[in-house]
Amino acid sequence: MPLRELVEKYLAIAGGFGTPIALRNFKLPRKDAESIFSLFDEDYHISRFFHFSSSNESGEPYDINGFPYTHVSIDAEVKTIL
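A brief look at the structure comes next. Just so you know, these numbers come straight off a predicted model, no measurement behind them.

In this structure the tally under the stated criterion is eight aromatic pairs. With a centroid separation of 6.0 Å and 35 degrees between ring planes, the pair formed by Phe40 and Phe50 is classed as tilted. Residue Phe40 is located in helix H2 (residues 30-42), and its partner Phe50 is located in strand S2 (residues 50-53); the two are separated by 10 residues in the primary sequence. Assessed through its relative accessible area of 5%, Phe50 is described here as buried.

Before going further, it helps to spend a moment on the side chain of Thr70. Structurally, Thr70 can be placed in the loop between strand S4 (67-69) and strand S5 (71-74). The exposure class assigned to Thr70 is buried, which follows from its relative accessible area of 5%. Reaching out from Thr70, the side chain makes a polar contact with the side chain of His71 at a distance of 2.8 Å.

Moving on, we come to unusual backbone geometry. Of note in the backbone geometry, Lys27 takes a positive phi value of approximately 55 degrees without being a glycine. For Lys27, the location among the structural elements is in the loop between strand S1 (21-22) and H2. The residue Asn65 is not glycine, and still its phi comes out positive at about 50 degrees. Mapping Asn65 onto the fold places it in the loop between strand S3 (62-64) and S4.

Let us look at the pattern of salt bridges. Overall, the coordinates contain one salt bridge when judged by the stated rule. For Glu34, the salt bridge is made with Lys31, and the minimal N-O distance between the two is 3.8 Å. One end of the pair is Glu34 and the other is Lys31, both in helix H2 and three residues apart, which spans about a single turn.

Rules behind the numbers
- Residues numbered from 1 in each chain as written.
- Predicted model: local features only at pLDDT ≥ 70, side-chain atom pairs only at ≥ 80, totals over all residues.
- Heavy atoms only, no water.
- Phe/Tyr/Trp six-rings, centres within 6.5 Å; stacked < 30°, edge-to-face > 60°.
- Helix = DSSP H or I, 4+ residues; strand = E, 2+ residues; numbered from the N terminus.
- Buried < 20%, exposed > 50% of the residue type's maximum accessible area, 1.4 Å probe, protein only.
- Polar contact = N/O pair within 3.5 Å; in protein donor to acceptor, adjacent residues only side chain to side chain.
- Salt bridge = Lys/Arg side-chain N within 4 Å of Asp/Glu carboxyl O.

Have a look at this one:
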């Protein structure tokens, strides 16, 4: 999934930048979500705009580069690289 598409999907779910949303809300197969977010997390120019977090109330965490996360928020500054 291209970065632009992921950001558009995030905005549709979150309603704006900076809002943490559950990774499951992207409605992607778990393995696809883990792969996509792991790839973006590995890229310094992209990862600095992504903020992963965990919440015990949000179900099973996703494995993003070996770390268990349930949520992501994206900074508005990501628009500078779209």
